[in-house]
Amino acid sequence: MNKTTAAITAVGGYVPEFVLSNKILETMVDTNDEWITSRTGIKERRVLKDSDKGTSYLAIKAAEDLMEKSGIDPAEIDLVILATATPDLPVAATGVYVATEIGAVNAFAYDLQAACSGFLYAMSTATAYIESGRYKKVLVIGADKMSSIIDYTDRTTCIIFGDGAGAVLFEPNDEGLGLQDEILRSDGSGREFLKISAGGSLIPATAQTVADKQHYVYQDGKTVFKFAVTNMADVSAKIMERNNLTNEDVNWLVPHQANRRIIDATASRMGLDDSKVLMNIQRYGNTTSATLPLLLNDFEKRFKKGDNLIFASFGGGFTWGSIYLKWAYNS
Ligand code: UT7
């Protein structure tokens, strides 16, 4: 009997309507379209403007999109994992609220936080549950309202991030399709370079931390860039090597969308043509936990059953990794 594998069987996505273009950013901070485009590849990003809506709103929309397209009954879902760095509330997991709101009445749910690698790690977790035979339908959502933690007077960060959400369903597969291999890594010495300093147990919120803008994302861009380029390329090349995949065998690179130059460096190490490299950074910027599922949602129609996809990410923590997955269906 074949080993049970865990395959993606449906995808969905959502981005809010408001478009924050480079042109608008030029009126907010000392920057320009040429600098942002050439340094990052980003032209615009989406922002959830409604002040009464949090990350759960984005996640629910993405899950509803998936359910509408696939016709899946939410009552059949066993588990909902929400990857997010921007939960609605510090305590009371957002995924729990999302599961209830979408009608996943027989599921349990929780959040997973690993910054920009959250979705990649959640794919691994979902796969482990399915391969073990414990659960049959695992909904993995990546969602972030990055605009809630960005200082729109800081030109080094506000040009990069955007809001969005994507969702995928993992189910058992008996044809050997789905997740094949993974290399997941982390290095805690990196936490100084990309973080929110206050609001956690180390530095609880005070009037002073608010005045000092310690609740916004801080990033030492140059250092993060250096580690991201090396590590994302390393794990992607390594996962190809240990699965005996040549650049011709790889159909698609699904890379975290943080900076076009990081993506190009990874693709070049893998020997891939631009035509195999999925990108929507120009439209959404860096949506943190949502970049990978939003790519799947945008490019789903191009995938064929049996295609070899390599996922790669790098994020705060530091956290990074690569996943090799065989696509399981034709759209
Ligand atoms: O997803 C999580 C992981 N995050 C990442 O992977 C992000 C990694 N880092 C990056 O993508 C890049 O480092 C940035 C896009 C954040 C910055 O690009 P860079 O090429 O590393 O620029 P830099 O920080 O070295 O800055 C170069 C110059 C500086 O001016 P001086 O010191 O040379 O006079 C900056 O002050 O560009 C200036 N600068 C800007 N100029 C116009 C920084 N931000 C801006 C801006 N507009 N928005």
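Residues numbered from 1 in each chain as written. Predicted model: local features only at pLDDT ≥ 70, side-chain atom pairs only at ≥ 80, totals over all residues. Heavy atoms only, no water.

### Here we look at the packing of helix H7 (residues 221-242) against helix H8 (residues 260-270)
Then step 1. Taken N-terminus to C-terminus, the directions of H7 and H8 make an angle of 30°; their axes are 9 Å apart at the nearest point. When the interaxial angle is binned, H7 and H8 end up roughly parallel. The hand of the H7/H8 crossing is right-handed. The residues of H8 that touch H7, namely those facing Phe225, Ala228, Val229, Met232, Ala233, Asp234, Ser236, Ala237 and Met240, are Arg261, Ile262, Ala265, Thr266, Arg269 and Met270.
Then step 2. Its residues placed into classes, the contact of H7 with H8 shows 10 nonpolar, two polar and three charged. (Axes fitted to C-alpha atoms, helices over the stretch in contact; angles between N-to-C directions. Helix = DSSP H or I, 4+ residues; strand = E, 2+ residues; numbered from the N terminus. Parallel < 35°, antiparallel > 145°, perpendicular 65-115°, else oblique. Left-handed = near helix turned anticlockwise from the far one by under 90°. Contact = heavy atoms within 4.5 Å. Nonpolar A, V, L, I, M, F, W, Y, C, P; charged D, E, K, R; others polar.)

### Overview of the pairing of strand E4 (residues 79-83)
Then step 1. Counting buried residues in E4 gives five out of five residues, a clear majority hidden from the surface.
Then step 2. Inspection of the sheet shows E4 paired to strand E5 (residues 108-112) by five bridges, in the parallel sense. Residue pairing across strands places Val80 opposite Ala109, the latter belonging to E5.
Then step 3. Considered for its hand, the β-α-β crossover made up of E4, helix H4 (residues 94-101) and E5 is right-handed. (Buried < 20%, exposed > 50% of the residue type's maximum accessible area, 1.4 Å probe, protein only. Pairing = 2+ DSSP bridges. Right-handed = clockwise from strand over helix to strand, strands pointing away.)

### Concerning the pairing of strand E1 (residues 5-14)
Then step 1. Buried residues dominate E1, accounting for eight of its 10 residues.
Then step 2. In this sheet, strand E7 (residues 163-173) lies alongside E1 in antiparallel orientation, the contact comprising nine bridges. Note on E7: the bridge partner recorded for Ala7 is Glu171.

### Describing the site of the ligand
Then step 1. Of all residues adjacent to the ligand, which total 22 residues, the nearest are Thr31, Lys222, His256, Asn259 and Asn286.
Then step 2. At a separation of 3.0 Å, an oxygen atom of the ligand approaches a polar side-chain atom of Arg261.
Then step 3. Asn286 places a side-chain nitrogen or oxygen 2.7 Å from an oxygen atom of the ligand.
Then step 4. Computed on the free molecule, the ligand has an accessible area of 950 Å², of which 75% lies beneath the protein chains in the complex.
Then step 5. When residues of the shell around the ligand are traced back to their parent elements, those giving at least two are helix H2 (33-40), H7 and H8. (Near = heavy atom within 4 Å. Polar contact = N/O pair within 3.5 Å; in protein donor to acceptor, adjacent residues only side chain to side chain. Areas by Shrake-Rupley, 256 points an atom, 1.4 Å probe, with all protein chains shown as cover.)

### Brief notes about the sheet that holds strand E11 (residues 252-255)
Then step 1. An order of E8-E13-E12-E11 is seen for the four strands of this open sheet, with the pairing classed as mixed. This sheet does not close on itself; its edge strands, each paired only once, are strand E8 (178-186) and E11. Between one strand and the next, the sheet's axes are offset by a mean angle of 15°, whatever the strand orientation.

### Observations concerning the domain arrangement of the protein
Quite often, the size of an interface is put as the accessible area lost when its parts meet.
Then step 1. Segmenting the protein into domains produces domain 1 (5-176) and domain 2 (180-326).
Then step 2. One C-alpha centre belongs to domain 1, the other to domain 2; they are set 14 Å apart.
Then step 3. Contact with domain 1, which involves 51 residues of that partner, is made by 45 residues of domain 2.
Then step 4. Taken over both partners, the interface formed by domain 1 and domain 2 buries close to 3,600 Å², and the fraction arising from carbon and sulfur atoms is 59%.
Then step 5. Looking at the side of domain 1 facing domain 2, the largest losses of area belong to Cys116, Leu120 and Tyr121, adding up to 18% of the total buried there.
Then step 6. Here domain 1 is connected to domain 2 by three salt bridges.
Then step 7. Across the salt bridge formed by Lys69 and Glu300, the nearest N and O atoms sit 3.8 Å from each other.
Then step 8. At the boundary of domain 1 and domain 2, one finds 21 residue pairs in polar contact (both at pLDDT 80 or more).
Then step 9. Elements with a minimum of two residues in the side of domain 1 that touches domain 2: E1, H2, strand E3 (44-47), helix H3 (55-70), helix H5 (118-131), strand E6 (138-145) and E7.
Then step 10. Top contributing element to the side of domain 1 that touches domain 2 by residue count: E7, with seven residues.
Then step 11. For the side of domain 1 that touches domain 2, a count of residues per class yields 24 nonpolar, 15 polar and 12 charged. (Domains from an automatic or database assignment. Buried area = accessible area lost by both parts, 1.4 Å probe. Salt bridge = Lys/Arg side-chain N within 4 Å of Asp/Glu carboxyl O.)

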